[in-house]
Amino acid sequence: MADKIYKNRLFLFKDLNEEEAWINSFREKGYRLCNIHFGFHYTFEKFEAYVPITRIDFREFSNKEEEREYLQLFTDMGWIQIKNFSGQRYFQQISQSTDEFIYSSNKSFALMYKRYSKFAFSMMTMFLFYFFIFYSIGTFNPIFEPKEAYLTPGLWEMSGLQFIGAFLFETPFALMRIVGNYFFLIMAVYLTYIGYKNHKKYVKLSETER
Amino acid sequence: MVRHPALPLTETTYLILLSLIKPAHGYIIMKEVDRLSNNNVKIAAGTMYGALDNLLKQGWIQTVASKDKRRKVYQVTQEGLKVIKAETERMHALLNLADEMMNEEELEDGRQNL
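Cut-off values and rules
Residues numbered from 1 in each chain as written. Chains lettered and ligands numbered in written order. Predicted model: local features only at pLDDT ≥ 70, side-chain atom pairs only at ≥ 80, totals over all residues. Heavy atoms only, no water. Helix = DSSP H or I, 4+ residues; strand = E, 2+ residues; numbered from the N terminus. Buried < 20%, exposed > 50% of the residue type's maximum accessible area, 1.4 Å probe, protein only. Contact = heavy atoms within 4.5 Å. Areas by Shrake-Rupley, 256 points an atom, 1.4 Å probe, with all protein chains shown as cover. Lys, Arg positive; Asp, Glu negative; His and termini not counted. Charge placed at Lys NZ, Arg CZ, Asp CG, Glu CD. 1 Å grid on protein atoms, 1.4 Å probe; cavity = no way out; pocket = protein on both sides within 12 Å on 5 of 7 lines; lining within 4 Å. Points joined across faces, edges and corners; volume = space filled by probe spheres on them. Nonpolar A, V, L, I, M, F, W, Y, C, P; charged D, E, K, R; others polar. Salt bridge = Lys/Arg side-chain N within 4 Å of Asp/Glu carboxyl O. Buried area = accessible area lost by both parts, 1.4 Å probe. Pairing = 2+ DSSP bridges. Axes fitted to C-alpha atoms, helices over the stretch in contact; angles between N-to-C directions. Polar contact = N/O pair within 3.5 Å; in protein donor to acceptor, adjacent residues only side chain to side chain.

(A) Layout of the overall build of chain A. The helix and strand inventory of chain A stands at four helices and six strands. In chain A, the succession of helices and strands from N to C terminus is β-α-β-β-β-α-β-β-α-α. Each principal axis of the C-alpha atoms in chain A carries an extent, and together these give about 70 × 45 × 35 Å. Counting every position in chain A, which comprises 210 residues, the buried fraction comes to 37%. Here the analysis covers contacts within chain A between residues at least 6 apart in sequence; of these, 63% occur between residues at least 24 apart. Surface accessibility of chain A: about 12700 Å² in total, with carbon and sulfur atoms responsible for 62%. With 25 positive and 23 negative side-chain charges, chain A shows a spacing of 3 Å between the two charge centroids.

Written out as structure tokens, the structure reads:
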């Protein structure tokens, strides 16, 4: 059996808790998370001893000193940070004697979703801002007619195999032109959804006492 | 008497404030709260960080100078002490009330009326 396994998984519409559960599901088979690249390429390694639990926290810092103290507190409490993607932090138990959780009250757990929601909304504002800048300088060109995304001269006059060949060849580029144009807008819509979803989770969690 | 607007406190907040009458950093606070509560109140890392951050913002605790360069050391402020006193008085009043109403004769009367 290989001692390392690699999994690619994007948690586009799932929340932090679901990602955490997925990571910890590998513990049953004796695998511990050892790294994540680009936010979706997970590396797990076979671990013979106790397989540590991974917990995700979300907290941004503008001050390096504050962040260092935060990480020190987690280390003192038996958690080591193995990855940080702009505030989304993956902590792993240093030993079996570490607590099972990083949140001991519902209220503090709920507040993590509030911070995440705020983060998503601020990113959304940034993407909207970019969109309007590109729109106002005229770079944004809404392509309402898909044919306009194909730039090969005389493409639509071709026929048979020649057309199919040229059409298929250019399709990826055409898609990129369409998606590229709408990229900032798509991101803004996506982040609105994420911000809204996490805010809803925050409200739901704060309603359950303790 | 007008009650302090922040009362009642959660058990966790009350115990953190009590443990910070003497200066301490996060890990020591966790251990102290565990001890003070007879191992009933366990504060996890993320909850502890959030609680300290929140108490700082409310001005009930402050950071104090220490030799430990890697950890922030906290202690209650005058305002924090006021909150502890107010909460303790509130609980005293409740305890006295309970003692009064739970004394033997009252309980006996209550049983007879059933």
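(B) Molecular detail of empty space enclosed by the protein. Following the criterion strictly, the structure yields two cavities of 30 Å³ or more and no others. Here the largest cavity defines a volume of roughly 120 Å³. Around the largest cavity, the lining comprises 14 residues; the ones closest to its centre are Glu69 and Leu73 of chain A together with Gly26, Lys72 and Tyr74 of chain B. Secondary structure elements with two or more residues in the lining of the largest cavity: helix 2 (64-76) of chain A together with helix 2 (26-36) and helix 3 (45-58) of chain B. If you tally residues by element for the lining of the largest cavity, the top one is helix 2 of chain A, at six residues. Of the residues contributing to the lining of the largest cavity, the split by class is six nonpolar, three polar and five charged. Roughly 40 Å³ of internal volume is contained in the second largest cavity. In terms of lining residues, the second largest cavity is bounded by Glu66 of chain A together with Tyr49, Leu52, Asp53, Leu56, Lys72 and Tyr74 of chain B.

(C) Region of the structure containing the pattern of salt bridges. Tallying each qualifying case throughout the model produces 17 salt bridges over all chains. Arginine 115 of chain A is paired through a salt bridge with aspartate 57 of chain A; the nearest N and O atoms lie 3.6 Å apart. On the criterion of sequence distance, the pair formed by arginine 115 of chain A in helix 3 (residues 106-136) and aspartate 57 of chain A in strand 4 (residues 54-58) is long-range, its members being 58 residues apart. Overall, aspartate 57 of chain A belongs to the buried group, its relative accessible area being 0%. Here arginine 71 of chain B and aspartate 76 of chain A are joined by a salt bridge, their closest N and O atoms 2.6 Å apart. Placement of the pair is arginine 71 of chain B in the loop between strand 1 (61-64) and strand 2 (73-76) and aspartate 76 of chain A in helix 2, with the two residues belonging to separate chains. Here the salt bridges share partners, and the residues they tie into one network are Lys64, Glu67 and Arg89 of chain A.

(D) Here's a closer look at the interface of chain B and chain A. On the side of chain A, 19 residues touch chain B, which itself brings 18 residues to the contact. Together, the buried faces of chain B and chain A total about 1700 Å²; carbon and sulfur atoms form 53% of this surface. Where chain B meets chain A, there are three salt bridges. The shortest N-O distance in the salt bridge between lysine 72 of chain B and glutamate 69 of chain A comes to 3.7 Å. Looking at the side of chain B that touches chain A, the elements with two or more residues in it are helix 2 and helix 3 of chain B. The class makeup of the residues in the side of chain B that touches chain A is seven nonpolar, five polar and six charged.

(E) How the structure looks around the sheet that holds strand 2 (residues 31-37) of chain A. Residue and element names in this part refer to chain A. Taken in spatial order, the three strands of this open sheet run 1-3-2, and their pairing is antiparallel. Two strands lie at the open edges of the sheet, namely strand 1 (4-8) and strand 2, each paired on one side alone. Pairs of neighbouring strands in the sheet enclose a mean axial angle of 25 degrees, with direction left out of account. Packed on one face of the sheet, helix 1 (residues 16-24) meets strand 1, strand 2 and strand 3 (41-46) and runs near 35 degrees to strand 3.

(F) Structural detail: the side chain of arginine 55 of chain A. Residue and element names in this part refer to chain A. Looking at the element boundaries, arginine 55 is found in strand 4. A polar atom in the side chain of arginine 55 sits 2.7 Å from the side chain of glutamate 20. Within the structure, the side chain of arginine 55 is placed 2.8 Å from the backbone oxygen of glutamate 100, a separation counted as a polar contact. Among residues more than four places away in sequence, those in contact with arginine 55 are Glu20, Asn24, Trp79, Arg89, Tyr90, Phe91, Glu100, Phe101 and Ile102.

(G) Up close: helix 1 (residues 11-19) of chain B. All names here are of chain B. Of all nine residues in helix 1, seven are buried; the element is thus mostly enclosed. All of the buried residues along helix 1 are Thr12, Thr13, Tyr14, Leu15, Ile16, Leu17 and Ser19. Lining the buried residues of helix 1 we find helix 2, helix 3, strand 1, strand 2 and helix 4 (78-101).

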